[in-house]
Amino acid sequence: RVIDDEGARKAHINDLMRVVREQNLAGLVIDYEEVDASEANVSRFVADLAKELHASQKKLVLVIQEPCGVDPACKRTPYPFALKSLVKDVDQLAVMEYDFVVDGTGAPAPRAWVEKGLRRVATEIGEGSAELRKVLCAIPFYGRVTKGIADDTAVLFDEVKPGAIRTSK
C-alpha cells in the first residue's frame, strides 16, 4: 500500500534517504518480498529513489523475484516489475533464481527453470542491451544436499560464470 500511495511513497523515500545519510551508507539494496503494488507505481518508486540516491552519489540495487514464478512454463502471474524500465534506474538488478521448491523434495533452482527465467529477463530488457550488464543472478546455497534429485541445482553452481546473460548454450 505504501508504494501505491503517492504521499506514503514520498515519505518512505525520505525515510530511506535519512537512514542513508545518518548511517553514511554507500547506497541501498531494496528487497521487498511479495510486492502488491501496480507496475507503474513500483517503477515510479524505484525511479524516484534512484534519483535521490544518485544525486547523493549513492548506489541502488533492486532485488526482484524470479519472473516465471514457480511455473515451469513461465506463464507469469501478475508481476509488478517492468524490467526494461527498472533496469535503467538501478545500478544493479538482482533476479532471485530460487525457491522453485522450498520443502526439500526437489531442487530449489532447477536449471531449466533458471534458464527460462533469465531468458525472460533478457527478452524483456532487450537482447544485446547494455543494460543486461546490470543484471545479477542470485542462486541458492541453502546447505541442502540435492545430489540425485532430478534437475539437480548443483549442476548450476559449477557452471556459473561471470559475464552477460546468455540465451543459448
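Everything numeric in this text was worked out from a predicted model, so none of it was measured.

Caption draft 1: Up close: the overall build of the protein chain. Of the regular secondary structure elements, the protein chain holds 5 helices and 4 strands. Counting from the amino terminus, helix and strand elements in the protein chain follow one another as α-β-α-β-α-β-α-β-α. When the 169 residues of the protein chain are sorted by exposure, 41% land in the buried category. Counting every atom, the protein chain has about 9700 Å² of accessible surface; 52% of that belongs to carbon and sulfur.

Caption draft 2: Just the side chain of Arg9, in detail. Mapped onto the elements of the fold, Arg9 is located in helix H1 (residues 6-22). Although Arg9 lies buried, it forms no salt bridge, and the closest oppositely charged side chain, Asp48, sits 4.5 Å away as judged by the N-O distance. If we skip the residues at most four places from it in the chain, Arg9 touches Val2, Ile3, Asp4, Asn41, Arg44, Phe45 and Asp48.

Caption draft 3: Region of the structure containing the sheet that holds strand E4 (residues 135-138). An order of E1-E2-E3-E4 is seen for the 4 strands of this open sheet, with the pairing classed as parallel. Every interior strand has two partners, whereas the edge strands, strand E1 (27-30) and E4, have only one. Neighbour-to-neighbour, the strand axes of the sheet open up by a mean angle of 20°, direction not taken into account. Sheet topology places strand E2 (residues 59-65) next to strand E3 (residues 92-96); 5 bridges connect them, and they run parallel. Within E3, the residue paired with Ile64 across the bridge is Val95.

Caption draft 4: Molecular detail of H1. The terminal C-alpha atoms of H1, which comprises 17 residues, lie 24 Å apart, in line with the 24 Å expected from a rise of 1.5 Å per residue. Within the span of H1, buried status applies to Arg9, Ile13, Leu16, Met17 and Val20. Seen end-on, H1 carries its buried residues on one side only, within an arc spanning 100°. Away from its buried face by more than 90 degrees, H1 exposes Gly7, Arg21 and Glu22. Buried residues along H1 sit against E1 and helix H2 (39-55). Of the residues flanking the start of H1, the one acting as N-cap is Asp5, its side-chain oxygen 3.2 Å from the backbone nitrogen of Gly7. Count one or two residues on from H1 and you reach Asn24, which has phi positive near 50°.

Caption draft 5: Representation of the nonpolar core in the model. Core analysis: the largest hydrophobic core is formed by 31 residues, its most contacted members being Leu49, Leu60 and Leu93. Secondary-structure elements contributing two or more residues to this core are H1, E1, H2, E2, helix H3 (83-89), E3 and helix H4 (111-125). Element by element, the count of residues in this core is highest for H2, at 6 residues. Those residues in contact with Leu60 that sit more than four places away from it in its chain are Leu28, Ile30, Val46, Leu49, Ala50, Leu53, His54, Val90, Asp91 and Gln92. If you look at the next biggest cluster of nonpolar residues, it comprises 6 residues, including Cys74, Ala109, Val114 and Leu118.

Caption draft 6: Up close: the environment of Asp99. By the element assignment, Asp99 lies in the loop between E3 and H4. What makes Asp99 partly exposed here is its relative accessible area of 33%. Along the chain, Asp99 and Pro110 lie 11 residues apart, while their C-alpha atoms are 9.5 Å from each other.

Caption draft 7: Fine view of the pairing of E2. Counting buried residues along E2, 5 of its 7 residues qualify, which places the element largely inside the surrounding structure. Inspection of the sheet shows E1 paired to E2 by 4 bridges, in the parallel sense. In the strand pairing of E2, Val29 is matched with Val61. Note on the crossover from E1 through H2 to E2: the handedness is right-handed.

Conventions and cut-offs
- Residues numbered from 1 in each chain as written.
- Predicted model: local features only at pLDDT ≥ 70, side-chain atom pairs only at ≥ 80, totals over all residues.
- Heavy atoms only, no water.
- Helix = DSSP H or I, 4+ residues; strand = E, 2+ residues; numbered from the N terminus.
- Buried < 20%, exposed > 50% of the residue type's maximum accessible area, 1.4 Å probe, protein only.
- Areas by Shrake-Rupley, 256 points an atom, 1.4 Å probe, with all protein chains shown as cover.
- Lys, Arg positive; Asp, Glu negative; His and termini not counted.
- Salt bridge = Lys/Arg side-chain N within 4 Å of Asp/Glu carboxyl O.
- Contact = heavy atoms within 4.5 Å.
- Pairing = 2+ DSSP bridges.
- Axes fitted to C-alpha atoms, helices over the stretch in contact; angles between N-to-C directions.
- Expected span 1.5 Å × (residues − 1).
- Arc of directions from axis to C-beta.
- Polar contact = N/O pair within 3.5 Å; in protein donor to acceptor, adjacent residues only side chain to side chain.
- Core = buried A, V, L, I, M, F, W, Y, C linked by side-chain atoms within 4.5 Å.
- Right-handed = clockwise from strand over helix to strand, strands pointing away.

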